[in-house]
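Understanding the architecture of this molecule
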Amino acid sequence: MIIAFYMFIRDKYEKEPIYLLLIGIVCGVISSVPIIIIEKWIGNINVKSSYNNFYNSFIVAGMTEEVVKFVILYILIRRNKNFNERFDGIVYAVFISLGFALVENILYVTDINVGGVKVGIFRGIISVPAHVFYSIAMGYYFGLMKYKKSDIKYMSLSIIVPILNHGLFDYILGIENNIWVLLFVGHFMTMLISSNNMMKEHLKNSPFKSC
């Protein structure tokens, strides 16, 4: 709720309709169904143990989750009249991501086999913001896709960059040595700074800025 409110406030020049933002959250919740099915299916594929962390991080989690969320984002706002500035791509991507993150966290909290409440708290503090960072990158390039008139280039970046960010985040957490802490902090801070810069850039270029 705090992140959703922050994004609503950050979109300061031309607010998005509340009903459409709520639809975004609901769509994010619904996205968990195909994501869980796909992840379970491809997660059962036998991979060499030395590649397990990479495969689970970049393919099972990163690619599956970000591609599904991108498809929902595309269907929801690509032709919607309310998508009338670059920053809107970020707003809707974040709300969709929050819907998915909500379901994911509930599943982790209720599954004692993966850590239960402790893991849920950790994810609430670290993983949910990370999901927001992935979606900000997705929405940033999604906005450029429409207003820079370069569908293939920016559509590709809107999918690839979140997958790489997501995959690297999970991959670092799966590293079984002490260096993961430094890598994790570095990656998290890099996403935080780049996300803030992306939002600043799109706000700066808002056609409603002078209104």
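Residues numbered from 1 in each chain as written. Predicted model: local features only at pLDDT ≥ 70, side-chain atom pairs only at ≥ 80, totals over all residues. Heavy atoms only, no water.

So, the environment of F54
So the rule is basically this: Secondary structure is summarised from DSSP: a helix means a run of H or I of at least four residues, a strand means a run of E of at least two, and numbering begins at the N terminus for each. A simple rule labels every residue: compare its accessible area, found with a 1.4 Å probe on the protein chains alone, to the largest value its type can have, and call it buried under 20%, exposed over 50%, or partly exposed in between. Two residues form a contact once any of their heavy atoms are found within 4.5 Å.
By secondary structure assignment, the location of F54 is in helix α3 (residues 52–77). The partly exposed category is assigned to F54, whose relative accessible area is 43%. In this structure the C-alpha to C-alpha distance between F54 and Y171, which are 117 residues apart in sequence, comes to 6.1 Å. Sequence-distant contacts of F54, defined by excluding residues within four places in its chain, comprise I59 and Y171.

Looking at α3
Basically, it comes down to this: Helix span, expected: 1.5 Å multiplied by one less than the number of residues in the helix. Throughout, the bend at a residue refers to the angle made by two axes, fitted to the seven residues ending there and to the seven starting there.
Between its terminal C-alpha atoms α3 stretches 36 Å, which fits the 38 Å expected from 26 residues at 1.5 Å a residue. At G62, α3 shows its largest bend, some 35 degrees.

What to know about the nonpolar core
Convention followed: Nonpolar cores were defined as sets of buried Ala, Val, Leu, Ile, Met, Phe, Trp, Tyr and Cys residues, with membership established by side-chain atoms within 4.5 Å.
One finds M7, L73 and I90 to be the most contacted residues of the largest nonpolar core, which totals 38 residues. Listed by contribution, the elements that provide at least two residues to this core are α1 (2–10), α2 (18–43), α3, α4 (86–110), α5 (116–147), α6 (151–173) and α7 (180–204). Counting residues per element, this core draws most heavily on α4, at eleven residues. Excluding residues that lie within four positions of it along the chain, L73 makes contacts with R78, G89, Y92, A93, I96, M138 and F142.

Examining the packing of α3 against α6
For clarity, the cut-off: Axis definition: a line fitted to C-alpha atoms, over the contacting stretch in the case of helices. Angles run 0 to 180 degrees between N-to-C directions. Note: crossing handedness is left-handed where the near helix turns anticlockwise from the far helix by less than a right angle, and right-handed where it turns clockwise. Each residue receives one of three labels: charged for Asp, Glu, Lys and Arg, nonpolar for Ala, Val, Leu, Ile, Met, Phe, Trp, Tyr, Cys and Pro, and polar for the others, Gly being one of them.
Where α3 contacts α6, the axes come no closer than 8 Å and their chain directions differ by 145 degrees. In the crossing of α3 with α6, the sense of the turn from one axis to the other is right-handed. In this structure, α3 contributes N53, F54, S57, F58, A61, G62, M63, E65, E66, V67, F70 and Y74 to the contact, and α6 contributes M155, S158, I159, P162, I163, L164, H166, G167, L168, D170 and Y171. Partitioned by chemical class, the residues of the contact of α3 with α6 number 14 nonpolar, six polar and three charged.

Let's talk about the pattern of salt bridges
This is how the line gets drawn: Note on definitions: salt bridges are taken to be side-chain nitrogens of Lys or Arg within 4 Å of carboxyl oxygens of Asp or Glu.
According to the stated counting rule, one finds two salt bridges in the structure shown. Here K69 ties to E66 by a salt bridge, and the two come within 3.2 Å at their closest N and O atoms. Of this pair, K69 and E66 both sit in helix α3, three residues apart, roughly one helical turn. You can call K69 buried: its relative accessible area is 3%. When its relative accessible area of 1% is taken as the criterion, E66 is described as buried.

Observations concerning the packing of aromatic side chains
Cut-off, in case you're wondering: Here a pair means two rings of Phe, Tyr or Trp (six-membered ring of Trp) with centres within 6.5 Å. Their orientation is stacked below 30 degrees between planes, edge-to-face above 60, and tilted elsewhere.
One pass over the structure, following the stated rule, counts twelve aromatic pairs. Arranged with centres 4.9 Å apart and planes meeting at 80 degrees, the rings of Y140 and Y141 form a pair that is edge-to-face. Judged on exposure class, the residue Y140 and its partner Y141 are both buried. Taken together, the ring pairs in this structure connect F133, Y134, F169, W180, F184 and F188 into an aromatic cluster.

Observations regarding the side chain of D88
Basically, it comes down to this: Counted charges follow a simple rule, with Lys and Arg positive, Asp and Glu negative, and His plus the chain ends left uncounted.
Along the chain, D88 falls in helix α4. Despite its burial, D88 pairs with no opposite charge; the closest candidate is K146, at 7.4 Å N-O. Setting aside its immediate chain neighbours within four residues, D88 contacts D11, E14, E16, I77, N82 and F83.

Details of the environment of I3
As for its placement among the helices and strands, I3 is situated in helix α1. Taking relative accessible area as the criterion, I3 reaches 24% and is therefore assigned partly exposed. Between the alpha carbons of I3 and V109 there is a distance of 20 Å; along the sequence they are 106 residues apart. For I3, the residues in contact, after removing those within four places along its chain, are V94, L98, V128 and V132.

Observations concerning α7
Between its terminal C-alpha atoms α7 stretches 36 Å, which fits the 36 Å expected from 25 residues at 1.5 Å a residue. If you check which residues of α7 are buried, you get F184, H187, F188, M191, S195, M198, M199, H202 and L203.

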